[in-house]
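Observations on the three-dimensional arrangement
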Amino acid sequence: MSAKVENGVKNASHMPEFLRKLIVGLKRKPSIIPLLVLLIAFFYYSLNLTHISDTTAKIQGSGMGLCAFATMLFSMLSLVCFLNAFPRRKKPVIAMVVLMCVMFAVIIFCDVYYSNLITTALTRAENPIKLDASTVYIAQAYNVLQDHIVIEVIGVVLIALMPLYTKLLRKIKTSVVVEDYGKLDAIDISGEDD
């Protein structure tokens, strides 16, 4: 099995160039992985906020609006804390990591509390809310909350496991070997003029 050679450069890792560059980027800044997951969670919740707002207006449970507001606010603030918690080429800032974890706990608590209020409104004995074509957004809001919890938990797990996969990423060989094909022998580097 021979390595691919282009213009005297041999890719020793036997991987496509775009993949090699991606891995090199992740080796330099592995915090990009959980950041992308947290951004996905933020945009997923933000783009489905209409279902949450409509559900809040329909059910009008105790603290539903506050939970939706807290989830949105702490989702934004946790991203800011994340960016400050892992500065480039420095050790993590412990205070920001702790603050970020508190925010994740609040976000997950608010999502669970809101989901429980939806379940209560649908299953209460007196005047339960019926799910039909006009109230389908309630089911969609419930699904959004469940998915948001899962994505947030994945983000938290990725943050906790960052030291582990940082070491694993560093073990991947991404070096590029430059071959001279014997042409370096012809170059005189002695500095003597004849």
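One numbering rule holds for all chains: residues counted from 1, following each sequence as written. For a predicted model such as this one, the threshold for reporting local features is a pLDDT of at least 70, and the threshold for listing and counting side-chain atom pairs is 80 or more; totals across whole chains, interfaces and linings nevertheless cover every residue. With hydrogens and water stripped out, all remaining heavy atoms of the structure feed into the side-chain values.

Regarding the overall build of the protein chain
Strands here mean DSSP runs of E at least two residues long; helices mean DSSP runs of H or I at least four residues long; both are numbered from the N terminus. Secondary structure assignment for the protein chain yields seven helices and three strands. Counting helices and strands in the order they occur from the N terminus, the protein chain gives β-β-α-α-α-α-α-α-α-β. Type-normalised accessible area, obtained with a 1.4 Å probe on protein chains alone, sets the label of each residue: buried when under 20%, exposed when over 50%, and partly exposed for intermediate values. A burial count over the protein chain gives 35% of its 194 residues as buried. Contacts are residue-level and defined by heavy atoms, with any inter-residue pair within 4.5 Å sufficient. Long-range contacts, defined as pairs at least 24 residues apart, comprise 76% of the intrachain contacts of the protein chain with a sequence gap of at least 6. Of the roughly 12,500 Å² of accessible surface on the protein chain, a fraction of 65% belongs to carbon and sulfur atoms. Note on areas: Shrake-Rupley with a 1.4 Å probe; residue coverage comes only from the protein chains shown.

Things to note about the state of the cysteines
Cysteine sulfur atoms that pair up within 2.5 Å are treated as a disulfide. Overall, the coordinates contain zero disulfides when judged by the stated rule. Take Cys67: it sits in no disulfide, and the sulfur closest to it among the cysteines is that of Cys110, at 4.2 Å. Cys67 gets classed as buried once you look at its relative accessible area, which sits at 7%. Cys110 sits in the buried class, given a relative accessible area of 7%.

Digging into the packing of aromatic side chains
In summary, the pairing rule links any two rings of Phe, Tyr or Trp, Trp by its six-membered ring, whose centres are within 6.5 Å, and it sorts them by plane angle into stacked for under 30 degrees, edge-to-face for over 60 and tilted for everything else. Summed over all chains, the structure comprises three aromatic pairs. Geometrically, the ring pair formed by Phe82 and Phe86 is tilted, given 5.0 Å between the ring centres and 55° between the ring planes. Both residues of the pair, Phe82 and Phe86, count as buried.

A word on the confidence of the model for the protein chain
Across the protein chain, the average pLDDT comes to 84, with 82% of residues at 70 or higher. No element of the protein chain has a lower mean pLDDT than strand S2 (residues 9-11), which averages 49, and none a higher one than helix H6 (residues 136-160), which averages 95. Contacts from residues 8-12, a stretch scored under 50 in pLDDT, to residues over four places away or in other chains number 21 contacts. pLDDT runs from 0 to 100 and stands for how confident the predictor is about each residue.

Description of a nonpolar patch on the surface
Patch membership is restricted to residues that have no salt bridge and whose relative accessible area is over 30%. Joining uses 9 Å for like charges and 5 Å for the nonpolar side chains Val, Leu, Ile, Met, Phe, Trp and Tyr. Here, a salt bridge means any side-chain nitrogen of Lys or Arg that lies within 4 Å of a carboxyl oxygen of Asp or Glu. Where nonpolar side chains cluster on the molecular surface, the patch consists of Val153, Val157, Leu161, Leu164 and Leu168 and spans about 420 Å² of accessible area. Of all the secondary structure elements, the ones that give two or more residues to the nonpolar patch are H6 and helix H7 (162-170). Mapping Leu164 onto the fold places it in helix H7.

Details of the nonpolar core
Nonpolar side chains in soluble globular proteins tend to be buried together. Take the buried Ala, Val, Leu, Ile, Met, Phe, Trp, Tyr and Cys residues and link them wherever side-chain atoms come within 4.5 Å; each set so joined is a nonpolar core. By size, the foremost hydrophobic cluster in this structure holds 41 residues, and its most contacted members are Ile52, Phe82, Phe86, Met100, Tyr114 and Ile118. Every element with two or more residues in this core is listed here: helix H2 (32-47), helix H3 (49-59), helix H4 (64-85), helix H5 (94-123), H6 and H7. Looking at this core, the element that brings in the most residues is H5, giving ten residues. The residues contacting Phe86, other than those within four sequence positions of it, are Lys29, Ser31, Pro92, Val97, Met100, Ile159 and Met162.

Some remarks on the packing of H4 against H5
To obtain an axis, a line is fitted to C-alpha atoms, over the contacting stretch when the element is a helix, and the angle between two such axes runs from 0 to 180 degrees between their N-to-C directions. Axis separation between H4 and H5 bottoms out at 8 Å; the angle between their running directions is 155°. Overall, the two elements H4 and H5 adopt an arrangement that is roughly antiparallel. For the pair H4 and H5, the crossing hand works out as left-handed. Across the contact of H4 with H5, the residue classes tally to 22 nonpolar, four polar and one charged. By definition in this entry, angles of less than 35 degrees are roughly parallel, angles greater than 145 are roughly antiparallel, angles of 65 to 115 are roughly perpendicular, and the rest are oblique. By definition, any crossing whose near helix is turned counterclockwise from its far helix by less than a right angle is left-handed, and any crossing with a clockwise turn is right-handed. Here the nonpolar group is Ala, Val, Leu, Ile, Met, Phe, Trp, Tyr, Cys and Pro; Asp, Glu, Lys and Arg are the charged ones; every other residue, Gly included, is treated as polar.

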